[in-house]
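Commentary on secondary and tertiary structure
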Amino acid sequence: MAKGIWIVIEQNKAEIRNVSLELLSQGRMLADKTGDPLVAVILGSTVSKLAGIVTPYGADKVILVDDENLADYTTGAYTSVLNKLIRKEEPQAVLLGNTAVGKDLAPRLAQRLGVGMASDCTGMEFDEESFLTFRRPIYGGKAFAQVIANARPVLATIRPNTFPIALPDTARQAEVINETAEIDSEDLRAIVKEIVLAASQRPELIEANVIISGGRGMKGSENYCILESCADVIGAAVGASRAAVDAGWIEQKFQVGQTGKTVSPTLYIACGISGAIQHLAGMGTSKVIVAINKDPEANIFNLADYGIVGDLFEIVPLLTEEFKKLG
Amino acid sequence: MDIVVCLKQTFDTEAKIVLNSNGKIDGTGVNLIMNPYDEFAVEEALKLKEKFGGQVTLVSMGGERVTESLRTALAMGCDEAVLIQDPDLESPDEWVTAEVLAKAVSKIPYDIILAGRIAVDDGSGQVAIRLADALKIPSVNCIIKLEVEDGKAAATREIDGGTELIEVRLPAVLTAQKGLNIPRYPSMMGIMKAKKKEIKGMTLADLGIGAADLPRKMSITKFSLPSPRKGGIKISGEAADAAKELARILREEAKVI
Amino acid sequence: MNFDLNEDHIMMRKMVRDFAEQECAPGAEDRDEKEEFPMELWKKCGELGLTGITFPEEYCGVGADYLSYAITVEELSRVDASLGVTISAHSSLCANPIYLFGTEEQKQKYLVPLVTGEKMGAFGLTEAMAGSDASGTRTTAVREGNEFIINGSKIFITNGYYADTYVITAQMDKSKGNRGIAAFILEKGMPGFTFGKKEKKMGIRSSATYELVFENVRIPAENLLGEEGQGFKIAMVTLDYGRIGIASQALGIAQGAYEQALKYSKERSQFGKTLSELEVIQFKLADMALQIEAARLLVYQACHMATEHRPVSKYSAMAKVHASETANMVATQAVQILGGYGYTRDYPVERMMRDAKITEIYEGTSEIQRIVIAANILKD
C-alpha cells in the first residue's frame with residue numbers, strides 16, 4: 001500500500017517559499033495521524049544545503065535531486081524527474097503550493113501518472129479510511145467542493161496562506177536521499193529564454209499577509225502611490241479590482257478577483273472598491289477585511305469586519321501615518 | 001497554421017451560486033457564457049489565423065447549450081466546431097476530460113492548441129496542461145504574450161513575481177491569461193455567418209472510447225456554500241480619529257498588524 | 001406567434017450590450033458634459049456592422065432584419081442615447097432613403113460607404129418655417145442644365161457637420177405644394193454647403209445637431225433622389241421607418257433608467273428597509289416595467305411589419321408614441337426613486353431624463369404621431 005506524504009518543495013535560487021513550509025507544517029500533523037512518513041522533495045541545482053532548512057519543519061525524509069538541468073523550473077524536466085520518483089516510491093499523496101510552478105507542474109505530472117488531482121485547495125484532512133480529502137473553492141470561492149481521489153497517489157496544490165508555519169524543531173533529524181535526475185529527451189523541448197522579475201520589494205500578491213487594494217474609487221493610475229506608501233509601512237502587497245485594471249490604471253497582474261488572483265491574506269484593506277461579487281470571489285477568504293469607501297451603501301461594507309465611510313484620499317494617508325506610529 | 005481552441009461554457013461570473021435539494025450546484029436560470037479566459041484563447045487564435053492563414057477549430061465538451069458559446073466563437077471568426085456530447089460524460093473529472101479531448105483533437109490537424117488558463121467554474125486549471133501531456137506535446141501555461149515564427153512559439157508567461165519567456169517548438173498547447181489580448185466582439189456580419197458554420201456533434205462511440213475506459217480518478221463528495229460574512233463595525237467620526245481608531249483595532253484587537 | 005428572440009437576436013443583443021457597457025457607458029457622462037461627439041465609438045460601430053444592419057449583403061450590409069436594428073439602437077441607448085440617435089439617424093434617415101429610392105449608381109456610390117460606416121449620413125427636412133408641416137419648405141432647388149442649384153437652410157439636423165452624406169428636401173415648384181418638393185443627395189464639402197449654428201440642447205448633448213446652409217450649391221443632376229416632386233413622399237416613407245429607430249432609442253432610455261432605479265432601490269435603505277421593500281416604490285417599479293414591456297412589444301411588432309415589407313406607418317407611429325412617453329415617465333420616476341442623488345450628475349438617470357424628452361419631439365412629435373395613427377385607422 002502506498003505510503004508517505006510528499007511535499008514538493010518550491011525554491012528559487014536556494015530560497016524556500018513560505019508555502020512549502022506551510023505544507024510541511026500541515027503535512028506533519030497529517031502524517032502523525034496515520035504514521036505516514038513525511039517526505040520533502042527538493043529539485044534544483046546546488047540545493048543540498050536545503051535539506052537542513054526543511055527538516056526542522058517536520059520532514060522525516062528529504063529526497064534531493066540535484067542537477068543543473070533543474071536549476072530553473074521547466075515543466076518537462078520537473079515532470080520527468082518527479083514521475084519516475086513517484087512511480088518508484090509510491091507515496092499516497094503529493095502536495096505542492098498553488099503557485100505559478102505548482103499550477104503548471106501538478107496537472108502535467110498527474111496526467112503522466114494517470115492520477116487525480118485537486119487544485120487550489122484550502123483544506124485537507126483524512127477521512128475514516130485514511131484517504132486524504134480536500135476542500136477546494138469553486139466558482140471563484142462562491143462555493144466549495146469536498147473532493148477525494150478514487151485511487152492513489154493523489155496530487156494536490158494548496159493555496160498559499162492556508163496553513164500556518166509551525167515553529168521549527170531544530171533537533172529534528174531526517175534521512176537525506178540523493179536521487180539522480182533522469183530526464184527524458186522529449187521533456188526538454190521547451191527552453192526558458194529569459195526570466196524577468198519585477199523590481200518590487202513588496203511581497204508577492206498571492207503570498208502576502210497583508211494586501212491593500214484600490215478600485216474604481218482610485219480615479220487614476222497616479223493615485224496608486226497613496227496605497228504603495230501605506231503598503232511599504234506595513235509590508236503589504238498592493239492589489240486592485242477589475243474596474244481599476246480595466247480602466248488601465250494598474251497592471252493586470254495586480255488584479256484580485258474571479259478573473260484575477262485569488263488571495264487569502266490575514267488582512268485585506270479594500271479602498272474605493274464597491275465589492276462586486278467578482279471581486280469578493282477573489283478575496284472573500286481573507287481573515288480580516290477592512291473597507292474604506294465614500295459610498296455608505298457600497299456592498300463591501302456588508303462583509304468587511306471594519307469599515308470607514310469616507311474619502312480614501314483623506315483616510316489612507318492618515319492611516320499610513322497611524323501605522324508608522326505603531327512602528 | 002491550423003489551430004484548435006478548447007472552449008468551455010461556464011456560469012456567468014456574476015451568477016449567484018445556490019445548491020439544489022440534492023446538495024448539488026443549481027444551474028437553473030443561470031446565464032451561461034464562454035469561459036472568459038477561453039475568449040482570450042479564441043482571440044489569439046484568430047490573430048494567428050489573420051497572420052498565417054489556416055483553420056481555427058473549436059473543441060468543446062458538454063451539453064446542448066454549449067452551442068451558444070460555440071456560435072459566439074464562430075461569430076468572432078472561428079471556422080468550425082466540434083461538440084462532444086455523451087450521457088457517459090456526466091460529471092467528468094479533469095483526467096477524463098483531457099483523455100476525451102485528446103482523442104477528439106488528434107482527429108483534427110493542428111499546429112497550436114489554445115485554451116484558457118483556467119475555467120471560472122471549477123477553477124481547476126488542469127485540463128489544457130493534461131491534454132498536452134496526453135498528446136505528448138509541450139505546454140506553456142498562463143501566457144500574456146505570444147510570437148510565432150518558423151514553427152516555433154516564443155511565449156511570455158506569468159510567474160510569481162515576474163515573467164518568463166519560453167521558446168517551444170510546435171505543436172504545443174498554450175494557455176491564455178488575461179492580458180494576452182483584448183477579445184474582439186463578434187460583429188453583426190460574423191453573427192449572420194456563424195449560423196452557416198458547422199457544429200459537429202460527436203459521441204464517445206465516434207471517438208472510439210467506451211464508457212468503461214473512463215473511470216473517474218476524483219469524486220466530489222459534497223458541495224457547500226461559504227458561511228456568509230457579516231458586516232462588522234463601522235468606525236465613525238472625523239477622518240483623523242477614524243484612521244487612528246482603525247489602526248488601534250487592527251493592532252490591539254484583530255492583531256493583524 | 002412566438003415571443004422568443006431567435007439565436008441570432010440573442011447573440012446580437014449580447015454583443016451590442018457588451019460593447020455598450022464596456023466601451024460606450026464609461027464615457028457617456030463625460031461626453032454629455034462636454035457636448036462631445038462620439039466619433040471614436042462611431043468608428044467602432046462601423047467595424048461591428050452596426051452602421052448597416054438592415055441593408056443587403058450586396059451593398060456590404062449585414063442583411064439582418066429590423067428587429068436586429070431595433071435591438072441595436074435599444075442597447076446603445078440604454079447606456080448612451082446620443083450614440084443611439086447617431087446610429088439611428090444615419091441608418092434610418094440617410095442610408096434607408098437611398099436604399100429605397102436611389103438608383104443603382106447612387107447606391108454604389110453613396111449607400112455602400114454609409115453601410116460600412118466609412119461615411120456617416122444625415123437627413124435634412126426641418127426648416128425654420130417647416131417643422132411638423134413640411135409644406136412650409138423654403139429651401140429651393142432649380143434645375144440648370146445638368147445641375148441643380150440649391151439655396152436655403154435646414155435646422156436641427158442630427159449628425160450635421162460630422163456626416164459626409166446628406167439627404168435633403170427642397171422645393172422645386174411652390175405652386176404644387178408638397179408635390180413640388182424633391183429630395184437630393186449632398187456631400188459635405190460641396191461648394192456653398194456650410195454649417196450654421198450648433199444647437200445647445202437639453203439632452204442628447206453629445207449627439208451633433210447643426211444648421212445646414214446652402215448658398216448656390218451646385219449638384220449634378222444624378223444626385224436627385226427619386227423623381228422631381230417625389231421628395232415629400234420620400235420624406236414621409238423615410239420617417240415611417242425612422243420612427244422605429246427613435247422608438248428603439250426611447251425604449252433603450254426607459255430600460256436603462258429602469259435598471260438604474262431597480263438596482264438603487266435594492267441597495268438604498270430608508271426607514272430600516274430597502275426602498276424595494278416599500279410598497280410605494282414597488283408600485284412605481286411595477287408601472288415602469290409594465291410600460292416598458294408594452295413599448296417593447298409595440299416596437300418589435302413594428303419591426304416585424306417593416307421586415308415583412310408590410311405597411312409600417314401605423315405601427316411605427318404607435319411604437320414611437322408609446323415608447324417615447326414611456327421613456328419620459330420611466331426616466332422621471334427613476335430620478336424620483338433616486339431622490340436627491342437622482343437629480344445630480346453623479347447618477348446617469350439625470351442625463352436619461354434629459355435625453356428622454358427629445359424622443360417625444362423629433363421625427364414627428366407625439367401629436368403628429370397621433371395624427372398618423374388616426375389617419376391610418378380612419379381610412380380602414
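Looking only at helices and strands, chain A features eight helices and 18 strands. By the compact-globule yardstick of 20 Å for 327 residues, chain A fits well, its C-alpha radius of gyration being 21 Å. Dimensions of chain A, computed from C-alpha atoms along their principal axes, come out at roughly 60 × 45 × 40 Å. Here chain A holds 327 residues, and 58% of them are scored as buried. Taking all contacts inside chain A whose residues are at least 6 apart in sequence as the whole, residues at least 24 apart take part in 65%.

Below, the discussion takes up the overall build of chain B. Counting its secondary structure elements, chain B contains six helices and 13 strands. Along the first, second and third principal axes, the C-alpha set of chain B runs to 65 × 45 × 40 Å. Within chain B, the proportion of its 257 residues that are buried is 52%. Considering only contacts within chain B whose residues lie at least 6 apart along the sequence, 71% involve residues at least 24 apart.

Now for helix α8 (residues 313-343) of chain C. Here α8(C) contains 31 residues, and its C-alpha end-to-end distance of 37 Å is more than 12% below the 45 Å for a straight helix at 1.5 Å per residue. Of all 31 residues in α8(C), 22 are buried; the element is thus mostly enclosed.

Under the domain assignment used here, chain B contains domain 1 (3-213) and domain 2 (226-257). For domain 1 of chain B versus domain 2 of chain B, the distance between C-alpha centres works out to 44 Å.

For the rest of this paragraph, the subject is helix α1 (residues 18-34) of chain A. All names here are of chain A. The end-to-end C-alpha separation of α1 is 25 Å, in line with the 24 Å expected for 17 residues at 1.5 Å each. Buried within α1 we find V19, S20, L21, E22, L23, L24, Q26, G27, L30 and A31. Among the residues trailing α1, G35 stands out with phi positive, at a value near 80°.

For the rest of this paragraph, the subject is the nonpolar core. Ranked by internal contacts, the top residues of the largest apolar core, which has 258 residues, are B:V5, C:F184, C:V299 and C:A331. The element best represented in this core is helix α6 (residues 231-267) of chain C, accounting for 16 residues. Setting aside its immediate chain neighbours within four residues, C:V299 contacts C:A70, C:I244, C:A247, C:S248, C:L251, C:A319 and C:A323. One finds A:Y268, A:I273, A:I289 and A:I300 within the second-largest nonpolar core, a separate group that totals 59 residues.

Before going further, it helps to spend a moment on the packing of helix α3 (residues 66-79) of chain C against helix α7 (residues 279-307) of chain C. Residues and elements named next belong to chain C. Relative to each other, α3 and α7 sit at 145°, their axes nearing to 8 Å. Contacts from Y66, L67 and A70 of α3 reach α7 at V299, Y300, C303, A306 and T307. Of the residues belonging to the contact of α3 with α7, the class tally is seven nonpolar, one polar and no charged.

Below, the discussion takes up the domain arrangement of chain A. Residue and element names in this part refer to chain A. Considered domain by domain, chain A is made up of domain 1 (5-188) and domain 2 (205-326). Taken together, the 11 residues of domain 1 in the interface contact 10 residues of domain 2. The residue makeup of the side of domain 1 that touches domain 2, split by class, is two nonpolar, six polar and three charged.

Here we take up the interface of chain B and chain C. Listed as interface residues are 11 residues of chain B and, on the opposing side, 15 residues of chain C. Every element with two or more residues in the side of chain B that touches chain C is listed here: α2 (66-76) and α5 (188-194) of chain B. In terms of residue count, α5(B) provides more of the side of chain B that touches chain C than any other element does, four residues in total. When its residues are assigned to classes, the side of chain B that touches chain C shows seven nonpolar, two polar and two charged.

All names here are of chain A. Across the sheet, seven strands lie side by side as β7-β11-β6-β1-β4-β5-β12; this open sheet has parallel pairing. Either end of the sheet is taken by a strand with one partner, and the two such strands are β7 (117-121) and β12 (175-179). On average, each strand axis in the sheet is inclined to that of its neighbour by 20°, with strand direction left out of account. Both β7 and strand β11 (residues 154-158) contribute to a ladder of three bridges, which runs parallel. Paired with C121 across the two strands is I158, which belongs to β11.

The next point concerns the pairing of strand β1 (residues 121-124) of chain C. All names here are of chain C. Residues G121 and F123 of β1 are buried on one face, and the alternating residues A122 and G124, pointing to the opposite face, are buried as well. Of the pairings in the sheet, the one linking β1 to strand β4 (residues 165-171) comprises four bridges and is parallel in character. Residue A122 lies in a different strand from β4, and its bridge partner there is Y166.

Right, let's talk about the interface of chain B and chain A for a bit. Interface size, as often reported, equals the accessible area lost upon joining of the parts. Taken residue by residue, the interface counts 71 residues in chain B and 75 residues in chain A. Within the residue set of the side of chain B that touches chain A, elements represented by two or more residues are α3 (94-105), α4 (127-134), β7 (139-149), β8 (152-159), β9 (162-169), β12 (218-224), β13 (233-234) and α6 (239-253) of chain B. No other element matches the 10 residues that α6(B) contributes to the side of chain B that touches chain A. Among the residues making up the side of chain B that touches chain A, the classes are represented as 34 nonpolar, 16 polar and 21 charged. Judged from the seven bridges that link them, strand β13 (residues 190-197) of chain A and β9(B) form a sheet pairing that is antiparallel. Counted as the bridge partner of A:I191 is B:E167 from β9(B).

Okay, the confidence of the model for chain B next. Mean pLDDT over chain B stands at 95; residues scoring 70 or higher make up 100%. Model confidence for the complex is summarised by a pTM of 0.91, with the ipTM given as 0.94.

All names here are of chain C. Sheet analysis places strand β2 (residues 140-144) next to strand β3 (residues 147-158), joined by five bridges and oriented antiparallel. Across the sheet, the residue bridging to T140 is N151, located in β3. Where β2 folds back onto β3 in an antiparallel hairpin, the turn is made up of two residues, including G145, whose phi is positive at roughly 60°. The pairing of β3 with strand β7 (residues 209-220) spans nine bridges and is classified as antiparallel. Note that in β7 the partner of T158 across the bridge is T209.

Here we take up the sheet that holds strand β10 (residues 143-149) of chain A. Pairing in this open sheet of four strands is antiparallel, and the strands run β8(A)-β9(A)-β10(A)-β12(B) from one edge to the other. Because the sheet does not close on itself, it has two edges, and the strands there are β8 (123-126) of chain A together with β12 of chain B. On average, each strand axis in the sheet is inclined to that of its neighbour by 25°, with strand direction left out of account. Bridge analysis of strand β9 (residues 132-138) of chain A against β10(A) gives six bridges, and the strand direction is antiparallel.

All names here are of chain A. Mapping V256 onto the fold places it in the loop between α6 (242-246) and β16 (267-271). Note on V256: 30 C-beta atoms within 10 Å, which makes it buried. For V256 and L105, which are 151 residues apart along the polypeptide, the C-alpha to C-alpha distance reads 23 Å. What V256 contacts, discounting residues up to four positions off in sequence, is S213, G239, A240, S241, K261, V263, H279, G282 and M283.

What follows deals with unusual backbone geometry. The phi torsion of most residues other than glycine is negative, and most of the peptide bonds are trans. With an omega of 0°, the peptide bond running from A:R152 to A:P153 counts as cis. Structurally, A:P153 can be placed in the loop between β10 and β11. Along the chain, B:L170 connects to B:P171 via a cis peptide bond; the corresponding omega equals 5°. Counting through the fold element by element, B:P171 comes out in the loop between β9 and β10 (172-176). Of note, B:D150 is a non-glycine position whose phi angle comes to about 50°, a positive value. Along the chain, the position of B:D150 falls in the loop between β7 and β8. Within the chain, C:H309 stands out as a residue other than glycine whose phi angle is a positive 55°.

Residue and element names in this part refer to chain C. Where α7 meets α8, the axes come as close as 9 Å, and the angle between the chain directions of the two elements is 155°. The pairing of α7 with α8 is recorded here as roughly antiparallel in orientation. Crossing of α7 against α8: the hand is left-handed. Facing I281, K284, M288, Q291, I292, A294, A295, L298, V299, Q301, A302 and M305 of α7, the residues of α8 in contact are Y315, S316, M318, A319, H322, A323, T326, M329, V330, Q333 and I337. For the contact of α7 with α8, a count of residues per class yields 16 nonpolar, six polar and one charged.

The rules we used
- Residues numbered from 1 in each chain as written.
- Chains lettered and ligands numbered in written order.
- Predicted model: local features only at pLDDT ≥ 70, side-chain atom pairs only at ≥ 80, totals over all residues.
- Helix = DSSP H or I, 4+ residues; strand = E, 2+ residues; numbered from the N terminus.
- Rg over C-alpha atoms; globule rule 2.2 N^0.38 Å.
- Buried ≥ 20, exposed ≤ 12 C-beta atoms within 10 Å, placed from the backbone.
- Contact = placed C-beta atoms within 7 Å.
- Expected span 1.5 Å × (residues − 1).
- Domains from an automatic or database assignment.
- Core = buried A, V, L, I, M, F, W, Y, C linked by C-beta atoms within 7 Å.
- Axes fitted to C-alpha atoms, helices over the stretch in contact; angles between N-to-C directions.
- Nonpolar A, V, L, I, M, F, W, Y, C, P; charged D, E, K, R; others polar.
- Pairing = 2+ DSSP bridges.
- pLDDT = per-residue confidence, 0-100.
- Parallel < 35°, antiparallel > 145°, perpendicular 65-115°, else oblique.
- Left-handed = near helix turned anticlockwise from the far one by under 90°.

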